[in-house]
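Summary of structural features
The primary structure of each chain is shown beneath.
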Amino acid sequence: MMTVNSGAAPASRSLGVKLLFIACAIFSVIMLSTYTANLTTGLTVNQLAVPVSSLADLAQTSAYFGVPADSAISQYFLSSMDNDAMMLRPRMVPYTSSQAAVEDVRRGKIAAFVTGRVNAMYYAEVPPCNLALASEVVGSGSLVFGLQPNSTIAGKLNAAMLRLADSGHVPGLRRKWFQDRSECSKVASTDGGRLGLAQTWSVFVIPAVG
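All of these numbers come straight from a predicted model, not from anything done at the bench. (Residues numbered from 1 in each chain as written. Predicted model: local features only at pLDDT ≥ 70, side-chain atom pairs only at ≥ 80, totals over all residues. Heavy atoms only, no water.)

A few words now on the overall build of the protein. On a plain count of helices and strands, the protein comes out with 10 helices and three strands. Traced from its N-terminal end to its C-terminal end, the protein shows the element sequence α-α-β-α-α-β-α-β-α-α-α-α-α. Per-residue burial over the protein gives 19% buried out of 210 residues. For the protein, the proportion of contacts with a sequence separation of at least 24, taken over those separated by at least 6, is 62%. (Helix = DSSP H or I, 4+ residues; strand = E, 2+ residues; numbered from the N terminus. Buried < 20%, exposed > 50% of the residue type's maximum accessible area, 1.4 Å probe, protein only. Contact = heavy atoms within 4.5 Å.)

A few words on a nonpolar patch on the surface. Nonpolar side chains collect at one region of the surface, where Phe145, Leu147, Ile153, Met161, Leu164 and Val170 lie side by side and expose about 520 Å² of accessible area between them. Topologically, valine 170 is positioned in helix H8 (residues 169-179). (Patch = residues over 30% accessible without salt bridge, like charges linked within 9 Å, V, L, I, M, F, W, Y side chains within 5 Å. Areas by Shrake-Rupley, 256 points an atom, 1.4 Å probe, with all protein chains shown as cover. Salt bridge = Lys/Arg side-chain N within 4 Å of Asp/Glu carboxyl O.)

Bringing the pattern of salt bridges into the picture now. Within the structure shown, the criterion is met by two salt bridges. Among the ionic pairs, arginine 106 bridges to glutamate 103, the shortest N-O distance being 3.2 Å. Of this pair, arginine 106 and glutamate 103 both sit in helix H5 (residues 98-107), three residues apart, roughly one helical turn. Its relative accessible area of 26% is what places glutamate 103 among the partly exposed residues. Put simply, aspartate 104 and arginine 107 hold a salt bridge, and the shortest N to O gap is 2.7 Å. Of this pair, aspartate 104 and arginine 107 both sit in helix H5, separated by three residues, roughly a single helical turn.

Taken residue by residue, helix H3 (residues 72-79) has Ile73, Ser74 and Phe77 as its buried positions. Within H3, the buried residues cover an arc of 100° as seen down the axis, which keeps them to one side. Facing away from the buried side of H3 by more than 90 degrees, the exposed set consists of Ala72 and Ser79. On its buried face, H3 is in contact with helix H2 (55-59), strand E1 (65-68), helix H4 (83-88) and strand E2 (92-95). (Arc of directions from axis to C-beta.)

This part covers the nonpolar core. One finds Val52, Leu55, Leu58, Ala59, Phe65, Val67, Ile73, Phe77, Ala85, Leu88, Met92 and Val114 forming the largest nonpolar core, which totals 12 residues. Secondary structure elements with two or more residues in this core: H2, E1, H3 and H4. In terms of residues, this core owes the most to one element, H2, which gives three residues. Residues in contact with alanine 85, not counting those within four places in the same chain, are Tyr76, Phe77 and Ser80. (Core = buried A, V, L, I, M, F, W, Y, C linked by side-chain atoms within 4.5 Å.)

The next thing to look at is the sheet that holds E2. Read from one edge to the other, the open sheet built from three strands follows the order E2-E1-E3, with strand pairing classed as parallel. Of all strands in the sheet, those with a lone pairing partner are E2 and strand E3 (112-113), marking the two edges. Sheet analysis places E1 next to E2, joined by four bridges and oriented parallel. Note on E2: the bridge partner recorded for phenylalanine 65 is methionine 92. (Pairing = 2+ DSSP bridges.)

Glancing now at the side chain of serine 28. Residue placement: serine 28 occurs in helix H1 (residues 15-47). Residue classification places serine 28 among the buried positions, given a relative accessible area of 15%. Polar side-chain contacts of serine 28 include one of 2.9 Å to the backbone oxygen of cysteine 24. (Polar contact = N/O pair within 3.5 Å; in protein donor to acceptor, adjacent residues only side chain to side chain.)

The next subject is the confidence of the model for the protein. Per-residue pLDDT for the protein has a mean of 76; in total, 71% of the residues score no lower than 70. Under a pLDDT of 50 for its full length, residues 187-192 has, in the predicted model, four contacts with residues more than four places off or in other chains. (pLDDT = per-residue confidence, 0-100.)

If you want it as structure tokens, here you go:
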């Protein structure tokens, strides 16, 4: 196999051999450049992160943040004894409309909108696709059923929920309703702008035409 800088050109005077050597050299240079570009892009994308990825990050800034008005999330910040929550309490802005809060995040009026995960996933997957989800879960992060004390269906409901969790059906529903229905570009979200064969084919046309 021939690689770049592997030695001098073949001594053969055949035009076909020389053209094959030139084509292989050009191919090797292009592939090496593509690999270098992909590696650089991957390292750069891995180093990039959202400005606020946790409540601790938000607490270290002086920015305001939004929460749904009269919700469990707003009550968490109002009543929690967590240090970050208490520091953030004076900068909490309640919103009656999630759409208005999202627009304020995009305009930079607030640093983040703390809302339910399903709601956040929806807005992150619709155009203009300029929002990101933080990894931290605020509060308990769980939804529960409220039942009367000593309810006769509590045991059956618990067993059914455990079977549902063990079946793996929930992750499939999440992919179906969010990832598969995303309006954002899948190439942009998964490839991170990396070059591939689909983007480099035109480079081979230039030396061929020349």
